[in-house]
Amino acid sequence: MNADDIAPDLYEQWDLDRNGGEDELSVLLEAKDIKLGQQGYNQDEPRRVQLRIAASILGSAKKRAEYDEALRTGLRPTWGELGTLSSVGQWSPAPRPQPSFHDQPQGPAQAPGFAHPSPYSSPYAQNPFAQHASPQQQMVPSPAAAPAPVQHQAQKRPSQETRIGMGILDFFLAGGISSAVGAGIDELVDVEALSFVAACIVMVVYVLGSEVWMGASPAKILSGYTVRDVDTKEKLSLSQSAKRQWWRLINVIPGIGQLVGMLGAVVHATTINEENNLRGSHDDLANAEVVKRKPRK
């Protein structure tokens, strides 16, 4: 992460409610930072740095008002400018004209719009994966490329209708496999309870195992989607998957469990909408998202 990198919309970057209060947003962002720390990420890891900047800005009414006003006027601040706003509490973001090669200063210059030195002006904040140009290449000016437009994560997420369709397909696949296993056990051992237990085990393995080990259920994989953690972009843990799939797991309880599971399915399906960034309430519970799988190269 470089100081001159254009920062995305903080609300969209971290799936935050623009109408949420400062305390609420600060707690959510700090929780995400703590979670990354528990997963072994250092404090200077770019995502954790960005989270702390976002928490400082959106958790303060004054800083947030400055930031929201900049968004309303169409300004796109850099991470360095956001770092200044975060640490100092004020800034002067302004459109940055592209300097010509002959007008560039010889010494280190402060980025336009900085009211105070940015904490990200240190050379140690440079992206370690960025390619370094040779001295000959540095002598040749290159035209500045326009920053890529920020795309909302919801653009990669399936619609409510697609999610429901994949859920129905999973229902029939899991039911068919469970029934086949139960029927096979009935042929070998005439114990009804044993076949029921076996069918439940198959259902649990289908629901949790596929999501944790393969990254998604068979229906989602066939449709080209995967389930991942919103922050780390990794597969869900077993506990996350269990939270997300509670309404399916509860079906192992005869009668009342199946009724509760059906009601849960209806509630979760109706919450997959644009207002919730195409994430259902069960996705929110596990901090998960369903997105299009990247094609293999």
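What you see is a predicted model, and the numbers here were worked out from it, not measured in a lab. Residue positions are counted from 1 within each chain, in the order its sequence is given. The predicted nature of this model means local features are confined to residues of pLDDT at least 70 and side-chain atom pairs, given and counted, to a pLDDT of 80 or more, with totals for whole chains, interfaces and linings taken over all residues. By convention in this description, side-chain values take in all heavy atoms of the structure and omit both hydrogens and water.

Along strand 2 (residues 288-292), four of the five residues are buried, which leaves the element largely enclosed by surrounding structure. As paired elements, strand 1 (residues 225-229) and strand 2 share five bridges and run antiparallel to each other. Residue pairing across strands places Thr 226 opposite Val 291, the latter belonging to strand 2. Burial status follows relative accessibility: with a 1.4 Å probe on protein chains alone, a residue under 20% of its type maximum counts as buried, one over 50% as exposed, and anything between as partly exposed. Helix and strand labels come from DSSP, where a helix needs a run of H or I of at least four residues and a strand needs a run of E of at least two; each type is numbered from the N terminus. The pairing criterion is simple: DSSP has to find at least two bridges between the two strands.

Before going further, it helps to spend a moment on the nonpolar core. The set of buried Ala, Val, Leu, Ile, Met, Phe, Trp, Tyr and Cys residues whose side-chain atoms join them within 4.5 Å is what this entry labels a nonpolar core. Membership of the largest hydrophobic core comes to 21 residues, with the highest contact counts inside it found for Leu 10, Leu 16, Leu 29, Ile 57, Leu 58, Tyr 67 and Leu 82. Secondary-structure elements contributing two or more residues to this core are helix 1 (10-13), helix 2 (22-38), helix 3 (46-58), helix 4 (61-72) and helix 5 (79-88). Here this core takes seven residues from helix 3, the largest share from any one element. Note on contacts: a residue pair is in contact if any heavy atoms of the two residues lie within 4.5 Å. For Leu 58, the residues in contact, after removing those within four places along its chain, are Leu 10, Tyr 11, Leu 16, Glu 22, Leu 25, Leu 29, Arg 64 and Tyr 67. Membership of the second largest hydrophobic core comes to nine residues, among which are Ala 219, Leu 236, Ala 288 and Val 290.

Here we come to the UniProt feature "transmembrane region" (unreviewed entry) in the chain. UniProt positions are given in the numbering used here, feature names are shortened, and annotations may be inferred rather than shown by experiment. Feature annotation in UniProt places "transmembrane region" (unreviewed entry) on residues 164-185 and 191-209, given in this structure's numbering. For residues 164-185, the end-to-end C-alpha separation is 32 Å, with 100% helix and 0% strand making up the annotated structure.

By volume, the second largest pocket amounts to about 930 Å³. The wall of the second largest pocket is formed by 34 residues, among which Gly 167, Phe 171, Trp 247, Arg 248 and Asn 251 lie closest to the centre. Where the lining of the second largest pocket is concerned, the elements lending two or more residues are helix 7 (160-188), helix 8 (192-214), helix 11 (246-249) and helix 12 (256-270). Here the lining of the second largest pocket gets ten residues from one element, more than from any other, and that element is helix 7. As defined here, a cavity is a set of points on a 1 Å grid over the protein atoms alone where a 1.4 Å probe fits but cannot get out. A pocket is an open set with protein on both sides within 12 Å along at least five of seven lines, and residues line them when an atom is within 4 Å of a point. Grid points are joined across faces, edges and corners, and a volume is the space filled by probe spheres set on the points.

Tracing the backbone shows Arg 48 in helix 3. What makes Arg 48 buried here is its relative accessible area of 9%. Taking C-alpha positions, Arg 48 is 8.7 Å from Ile 34, a pair spaced 14 residues apart along the chain. Among residues more than four places away in sequence, those in contact with Arg 48 are Asp 33, Leu 36, Gly 37, Tyr 41, Asn 42 and Gln 43. Under the rule applied, a polar contact is a pair of N or O atoms within 3.5 Å (in protein, one hydrogen donor and one hydrogen acceptor; residues adjacent in sequence only if both atoms are side-chain atoms). A polar atom in the side chain of Arg 48 sits 2.7 Å from the side chain of Asp 33.

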